[in-house]
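# Geometric and topological summary
Okay, here's what each chain looks like letter by letter:
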Amino acid sequence: TQLLEQSPQFLSIQEGENLTVYCNSSSVFSSLQWYRQEPGEGPVLLVTVVTGGEVKKLKRLTFQFGDARKDSSLHITAAQPGDTGLYLCAAKGWSNQAGTALIFGKGTTLSVSS
Amino acid sequence: DAGITQSPRYKITETGRQVTLMCHQTWSHSYMFWYRQDLGHGLRLIYYSAAADITDKGEVPDGYVVSRSKTENFPLTLESATRSQTSVYFCASSESSRTVNYGYTFGSGTRLTVV
């Protein structure tokens, strides 16, 4: 089973600051997804990146897939308290007779204070 | 209501008891999954299913049983609950395609405590 390493594990910042979280692996993936999870809820899909070097923007969030498709980053510009949550990267890393399934990184817990 | 629902939302059970967590989706998604989420371990795959009557083990299947007689339901049973199975359990579903990378839609989770 491949591993997805996320860093940092925890991040506590003030409103208005910029931040970047990382997702790294030694394996090559055909695609990678980012999810956000709020307390007491399940993860919610933010974006899927497919092509090496691809950059996708979602309002103040910028996602990049590494050229070699082994890593990805999430950059948040001018963070707001509403960005607080657990950010998870995921990729298809489990394969068996029933098909493939996502493996998840352990996540980055982001806290944005006003 | 459309979506994916898990029940119960909270459950406390005793060691050795059998307990079943329910998962129901209304989209007719082919794929369904069970994950457990624990501090320090993140989300780990327990079992998944590609269609009715097609299931397979994930990373941490020991002590769990699943069934999928209907596309919309994917119950997870703990045959004899142990304290190590105290966790938050998430069910998810997804469409399938060879060319499109669909994301997973998760339920709100079941917080299970084994005492």
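Everything that follows concerns the structure shown earlier in this document.
Below: a short report on this structure. (Residues numbered from 1 in each chain as written. Chains lettered and ligands numbered in written order. Predicted model: local features only at pLDDT ≥ 70, side-chain atom pairs only at ≥ 80, totals over all residues. Heavy atoms only, no water.)

### Observations concerning the overall build of chain A
A tally of regular secondary structure across chain A gives zero helices and eleven strands. On C-alpha atoms alone, chain A measures out to a radius of gyration of 14 Å, which is about the 13 Å that the 2.2 N^0.38 rule sets for 114 residues. Each principal axis of the C-alpha atoms in chain A carries an extent, and together these give about 50 × 30 × 20 Å. Within chain A, the proportion of its 114 residues that are buried is 46%. Residue pairs at least 24 apart in sequence account for 52% of intrachain contacts in chain A once pairs closer than 6 positions are excluded. With an accessible surface of roughly 5,500 Å², chain A has 49% of that area assigned to carbon and sulfur atoms. One finds the centroid of the 9 positive side-chain charges in chain A at a distance of 7 Å from the centroid of its 9 negative side-chain charges. (Helix = DSSP H or I, 4+ residues; strand = E, 2+ residues; numbered from the N terminus. Rg over C-alpha atoms; globule rule 2.2 N^0.38 Å. Buried < 20%, exposed > 50% of the residue type's maximum accessible area, 1.4 Å probe, protein only. Contact = heavy atoms within 4.5 Å. Areas by Shrake-Rupley, 256 points an atom, 1.4 Å probe, with all protein chains shown as cover. Lys, Arg positive; Asp, Glu negative; His and termini not counted. Charge placed at Lys NZ, Arg CZ, Asp CG, Glu CD.)

### Section: the side chain of B:Arg36
Residues and elements named next belong to chain B. Note that Arg36 resides in strand S4 (residues 31-38). For Arg36, a relative accessible area of 8% gives the class buried. Side chain to side chain, Arg36 and Asp38 meet in a polar contact 2.8 Å long. Among the polar contacts made by the side chain of Arg36, one reaches the main-chain carbonyl oxygen of Ser84 at a distance of 2.7 Å. Those residues in contact with Arg36, other than ones at most four positions away along the chain, are Gly42, Leu43, Arg44, Ile46, Val60, Tyr64, Ser84, Gln85, Thr86, Ser87, Val88 and Tyr89. (Polar contact = N/O pair within 3.5 Å; in protein donor to acceptor, adjacent residues only side chain to side chain.)

### Here's the deal with the pattern of salt bridges
Pairs may arise between side chains of opposite charge once their charged atoms sit close together. If you walk through the whole model with that rule in mind, you get seven salt bridges over all chains. The salt bridge partner of B:Arg9 is A:Glu41, with a shortest N-O separation of 4.0 Å. Of this pair, B:Arg9 sits in the loop between strand S1 (4-7) and strand S2 (10-13) while A:Glu41 sits in the loop between strand S4 (32-37) and strand S5 (44-49), each in a different chain. The class for B:Arg9 is partly exposed, based on a relative accessible area of 33%. Its relative accessible area of 37% is what places A:Glu41 among the partly exposed residues. Residue B:Arg36 is joined to B:Asp38 by a salt bridge in which the shortest nitrogen-to-oxygen separation is 2.8 Å. For B:Asp38, a relative accessible area of 14% gives the class buried. Residues participating in the shared-partner salt-bridge network are B:Arg36, B:Asp38 and B:Arg44. (Salt bridge = Lys/Arg side-chain N within 4 Å of Asp/Glu carboxyl O.)

### Details of the pairing of strand S6 (residues 54-57) of chain B
Regular strands show a simple pattern: their side chains alternate between the two faces of the sheet. All names here are of chain B. Sheet topology places strand S5 (residues 42-51) next to S6; four bridges connect them, and they run antiparallel. Its bridge partner lying in S6, Ala51 is registered against Ile54. Counted along the chain from S5 to the antiparallel partner S6, the turn is two residues long, and its residue Asp53 has a positive phi close to 70°. (Pairing = 2+ DSSP bridges.)

### A short note on the sheet that holds S1(B)
Residue and element names in this part refer to chain B. Ordered in space as S1-S3-S8-S7, the four strands form an open sheet in which the pairing is antiparallel. Each edge of the open sheet carries a strand with a single partner, namely S1 and strand S7 (64-66). In this sheet, adjacent strand axes meet at a mean angle of 15° when their direction is disregarded. By the bridge criterion, four bridges tie S1 to strand S3 (residues 19-25) in an arrangement that is antiparallel. (Axes fitted to C-alpha atoms, helices over the stretch in contact; angles between N-to-C directions.)

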